[in-house]
Amino acid sequence: QVQLVESGGGLVQPGGSLRLSCTASRSIVSINAMGWYRQAPGKQRELVAGIRSGGRTNYADSVKGRFTISRDNAKNTVYLQMSSLKPEDTAVYYCNALNYFGDYALPSGSWGQGAQVTVSS
């Protein structure tokens, strides 16, 4: 099973930007869809962005217009560009492979260690 390593987290002020990276241990060309989840303290893990092999993207309403997901198959990497960050974006962010059922997705791989994102002044 592919191993995923997230990086790029950190502390940022409200309104700032961060880019997260998710690097896979092998080629992701054969993985139809990849996504980014996040889990805030005391809350369930939620899917915030997904991207399919044809480039189609989906976003949670809470991040639409602020987050952009992309993938670079040549680098086995999926990115999450986050801008206009808010304190409520504070969470541990995880990537995973996805299985889509219409517009509904479920994680299909193993979880990495995640990347902590803290938005605070």
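Just so we're clear, the structure is a prediction, and the values are computed from it rather than from any experiment.

Before going further, it helps to spend a moment on the pairing of strand β10 (residues 104-107). Across four bridges, the pairing between strand β9 (residues 91-101) and β10 is antiparallel. If you follow F101 over to β10, its bridge partner there is Y104. Between β9 and the antiparallel strand that follows it, β10, lie two residues; G102 among them carries a positive phi value of about 70°.

It is worth spelling out the state of the cysteines at this point. In total, this model carries one disulfide according to the counting rule given. At a sulfur-sulfur separation of 1.8 Å, the disulfide partner of C22 is C95. Sign of the S-S torsion, about 60° for the bond between C22 and C95, identifies this disulfide as right-handed. Taken together, the residues C22 in strand β3 (residues 18-24) and C95 in strand β9 connect sequence positions 73 residues apart. Grouping residues by exposure puts C22 and C95 together as buried.

Further remarks concern the pattern of salt bridges. Per the stated rule, a full pass over the model turns up six salt bridges. Of the charged contacts in the structure, one is a salt bridge between E46 and R38, with a shortest N-O distance of 2.8 Å. You can call E46 partly exposed: its relative accessible area is 33%. Among the residues examined, R38 registers a relative accessible area of 6% and is labelled buried. For D103, the salt bridge goes to R56, with nearest N and O atoms at 2.7 Å. Of the two residues, D103 is situated in the loop between β9 and β10 and R56 in the loop between β5 (46-52) and β6 (57-59); the sequence distance between them amounts to 47 residues. The class for R56 is partly exposed, based on a relative accessible area of 46%. One salt-bridge network, in which partners are shared between bridges, spans R38, E46, R66 and D89.

Rules of the game
Residues numbered from 1 in each chain as written. Predicted model: local features only at pLDDT ≥ 70, side-chain atom pairs only at ≥ 80, totals over all residues. Heavy atoms only, no water. Pairing = 2+ DSSP bridges. Helix = DSSP H or I, 4+ residues; strand = E, 2+ residues; numbered from the N terminus. Disulfide = S-S within 2.5 Å. Buried < 20%, exposed > 50% of the residue type's maximum accessible area, 1.4 Å probe, protein only. Salt bridge = Lys/Arg side-chain N within 4 Å of Asp/Glu carboxyl O.

These values are about where atoms sit, not about what they do.
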